[in-house]
Amino acid sequence: MSEAVRDTFGRPLASLRLSVTDRCNLRCRYCMPEDQYVWLPRASILTFEETERLVRVFAGLGVHKVRLTGGEPLLRHDLAMLVGMIARREGVSDLAMTTNGLLLAQQAAPLRAAGLRRVTVSLDTLRPERMLAFAKSARHADVLAGIAAARAAGFGALKLNTVVIRGFNDDELADLIEFARARDAEVRFIEYMDVGGATRWSMDQVVSQREMLETLGRRYGRIEPVAGDPHAPADRFRLPDGTTFGIIASTTAPFCRSCDRSRVTADGTWFLCLYAERGVDLRDLLRRGAGDAELAALIRDTWQGRADRGAEQRLGVADRGALYRIDSLRADPHREMHTRGG
Ligand code: SF4
């Protein structure tokens, strides 16, 4: 493997979140709460060949973890074909996908066969009526079928992601742990974040890691931390019976100092941080006929100048509120979390 490219804080370029579409078939309140959105122009969306080429260049610079995201990645036609192209790429040792699960029942087996290794399914509630109110979808059963299909397809380390919001699902923590345990999956509770798209965010809706641990401690008894990958966003914990779960404390205890992640949007814009104001247009270079060496030089130089630590900086904001207003998101859809891939 090539020598890692490091940023100004010594963080390696190691993990890439690759959005394959900005479209989504849910309208979760923490991500896409509006009625109308400005979408990326279709002609700007990278082809599979362009995407695969970018992955090849990133892999040559040390990226070995690739996670497919959206929007909802399963809305991208023929996704298994792209999975196969990336899975064959030397250097990519971990190919994963985050999905809302609605279309997973049909696609789990072909994706697994194409070389996808791991799947994370978003599951914010076990109650269909809550999903209807919160995500404007009556398809809770499809998510559960998707989780079952992922299990049956033989994915390792199945994870369930739950964004915890006070007054919505903070009474379901133990139920979600039990649900995951019964399916040999691991739940990861995510603190509600003030990222682009979360236009209704407020601090009082955030349930902190500390509060989640207190709630679960009252139910289960002593909870122990589990040592793990220092670059992983989730802190992992173990219940007295050995069941593990994770918490991603991105709002109250951010982990920017170990962040090795960057994001490429479906139109080839590269963001060094979830909170970054601007990204780097890689599509333009690709379509102007740049060679791999030219692309690699731009990516290397840009990463070496990286000083982003967006979530840590947000900690210092007095009267913290939503990051963007709707008009600002409409003016530049790249600010949306569903465009950046969460
Ligand atoms: S806020 Fe930015 S630097 Fe911090 S963990 Fe998230 S993506 Fe990484």
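Visitor: Please explain the nonpolar core as it appears in this structure.
Guide: Across soluble globular proteins, nonpolar side chains show a tendency to be buried alongside one another. Counting 102 residues, the largest nonpolar core has Phe189, Phe245 and Trp270 as its most contacted members. Ignoring any residue separated from it by four or fewer positions in sequence, one finds Phe245 in contact with Ile177, Glu186, Val187, Phe189, Leu213, Leu216, Ile223, Asp235, Arg236, Phe237 and Leu239.

Visitor: Where do I start with the environment of Ala145 in this structure?
Guide: Looking at where Ala145 falls in the secondary structure, it is placed in helix H5 (residues 140-153). Between the alpha carbons of Ala145 and Arg320 there is a distance of 38 Å; along the sequence they are 175 residues apart.

Visitor: What is the right way to look at the pairing of strand E5 (residues 156-164) in this model?
Guide: Each regular strand shows side chains that alternate between the opposite faces of the sheet. The element E5 is extensively covered by neighbouring structure, given that seven of its nine residues are classed as buried. For strand E4 (residues 118-122) and E5, the ladder comprises four bridges, and the chain directions are parallel. Paired with Val121 across the strands is Leu160, a residue of E5. For the handedness criterion, the β-α-β arrangement of E5, helix H6 (residues 173-182) and strand E6 (residues 186-191) is classed as right-handed.

Visitor: I tried to follow unusual backbone geometry on my own but got confused; where do I start?
Guide: Trans peptide bonds make up most of the peptide bonds, and negative phi angles are found at most residues other than glycine. Gly70 connects to Gly71 through a cis peptide bond whose omega is 10°. Here Gly71 is to be found in the loop between strand E2 (65-69) and helix H2 (79-87). Non-glycine residue Ala157 carries a positive phi angle of around 45°. As for its position among the elements, Ala157 is in strand E5. The backbone of Asp184 sits at a positive phi, close to 55°, despite the residue not being glycine.

Visitor: Explanation requested: the packing of aromatic side chains in the structure shown.
Guide: We describe a pair of aromatic rings using the distance from one ring centre to the other and the angle between the two ring planes. The tally for this structure, following the rule as stated, stands at eight aromatic pairs. Between the aromatic rings of Phe58 and Trp270, the centroid separation amounts to 5.3 Å while the plane-to-plane angle is 70°, which identifies the pairing as edge-to-face. Separated by 212 residues along the polypeptide, Phe58 in helix H1 (residues 48-60) and Trp270 in strand E11 (residues 269-271) bring together distant segments of the chain. The exposure classification of Phe58 matches that of Trp270, with both residues buried. The ring of Phe179 carries Arg183 above its face, with NZ or CZ at 3.6 Å from the centroid.

Visitor: I keep staring at the sheet that holds E2 and nothing clicks. Help me out?
Guide: Where strands meet in a sheet, backbone hydrogen bonds hold them as pairs that are either parallel or antiparallel. Strand order in this open sheet of 12 strands is E7-E8-E9-E6-E5-E4-E3-E2-E1-E10-E11-E12, and the pairing throughout is mixed. The open sheet terminates on both sides in strands that have one partner only, identified here as strand E7 (224-226) and strand E12 (280-281). Sitting on the sheet, H1 is in contact with strand E1 (15-19), E2, strand E10 (261-264) and E11, with an inclination near 170° to E1. The strands that H6 touches are E5, E6 and strand E9 (244-248); relative to E6, the one it contacts most, it runs at about 150°.

Visitor: Sorry, what's going on with the site of the ligand here?
Guide: Of all residues adjacent to the ligand, which total 13 residues, the nearest are Cys256, Cys259, Cys273, Leu274 and Ala311. Sorting the residues of the shell around the ligand by element identifies E10 and helix H10 (310-315) as the ones contributing at least two each.

Visitor: Could you clarify how one ought to interpret the packing of helix H3 (residues 104-114) against H5 in this entry?
Guide: Packed helices, taken two at a time, are described by their axes: the angle between them and the distance between them. As a packed pair, H3 and H5 sit with axes 8 Å apart at the nearest point and diverge in direction by 20°. Comparing the axis directions of H3 and H5 gives the class roughly parallel. When the axes of H3 and H5 are compared, the crossing they make is right-handed. Facing Leu104, Ala105, Ala108, Ala109 and Arg112 of H3, the residues of H5 in contact are Ala145, Gly146, Ala149, Ala150 and Ala153. Looking at the contact of H3 with H5 residue by residue, the class counts come to eight nonpolar, one polar and one charged.

Visitor: Is there a simple way to think about the environment of Gly60 in this case?
Guide: Along the polypeptide, Gly60 turns up in helix H1. Residue Gly60 is classed as partly exposed on the basis of its relative accessible area, which comes to 47%. Each C-alpha atom, one on Gly60 and one on Glu90, is 8.8 Å from the other, the two residues being 30 residues apart in sequence.

Visitor: What should I look at first to understand the pattern of salt bridges in this one?
Guide: Once the charged atoms of two side chains with opposite charge are near each other, the side chains can pair. A full pass over the atoms with the stated rule returns 29 salt bridges. A salt bridge links Asp229 to Lys65; its shortest N-O distance comes to 4.0 Å. Linking Asp229 in the loop between E7 and strand E8 (235-238) with Lys65 in strand E2, this pair joins segments that are 164 residues apart in sequence. Of the charged contacts in the structure, one is a salt bridge between Glu277 and Arg335, with a shortest N-O distance of 2.7 Å. Of this pair, Glu277 sits in the loop between E11 and E12 while Arg335 sits in the loop between helix H11 (326-331) and helix H12 (337-340), and the two are 58 residues apart along the sequence. Accessibility expressed as a relative area gives 35% for Glu277, which makes it partly exposed. A relative accessible area of 17% means that Arg335 is categorised as buried.

Visitor: Even after reading the chapter, I still don't get helix H4 (residues 128-135), so can you show me in this structure?
Guide: The periodicity of an α-helix, 3.6 residues per turn, causes residues three or four positions apart to be oriented the same way. Taken residue by residue, H4 has Arg130, Met131, Phe134 and Ala135 as its buried positions. All buried residues of H4 fall inside an arc of 100° around its axis, so they share one side. Turned more than 90 degrees away from the buried face of H4, the exposed residues are Glu129 and Ala133. Taken together, the buried residues of H4 touch H5. Residue Lys136 follows H4 closely and has a positive phi angle near 55°.

Reading the values: rules and limits
- Residues numbered from 1 in each chain as written.
- Predicted model: local features only at pLDDT ≥ 70, side-chain atom pairs only at ≥ 80, totals over all residues.
- Heavy atoms only, no water.
- Core = buried A, V, L, I, M, F, W, Y, C linked by side-chain atoms within 4.5 Å.
- Buried < 20%, exposed > 50% of the residue type's maximum accessible area, 1.4 Å probe, protein only.
- Contact = heavy atoms within 4.5 Å.
- Helix = DSSP H or I, 4+ residues; strand = E, 2+ residues; numbered from the N terminus.
- Pairing = 2+ DSSP bridges.
- Right-handed = clockwise from strand over helix to strand, strands pointing away.
- Phe/Tyr/Trp six-rings, centres within 6.5 Å; stacked < 30°, edge-to-face > 60°.
- Lys NZ or Arg CZ within 6 Å of the ring centre and 35° of its normal.
- Axes fitted to C-alpha atoms, helices over the stretch in contact; angles between N-to-C directions.
- Near = heavy atom within 4 Å.
- Parallel < 35°, antiparallel > 145°, perpendicular 65-115°, else oblique.
- Left-handed = near helix turned anticlockwise from the far one by under 90°.
- Nonpolar A, V, L, I, M, F, W, Y, C, P; charged D, E, K, R; others polar.
- Salt bridge = Lys/Arg side-chain N within 4 Å of Asp/Glu carboxyl O.
- Arc of directions from axis to C-beta.

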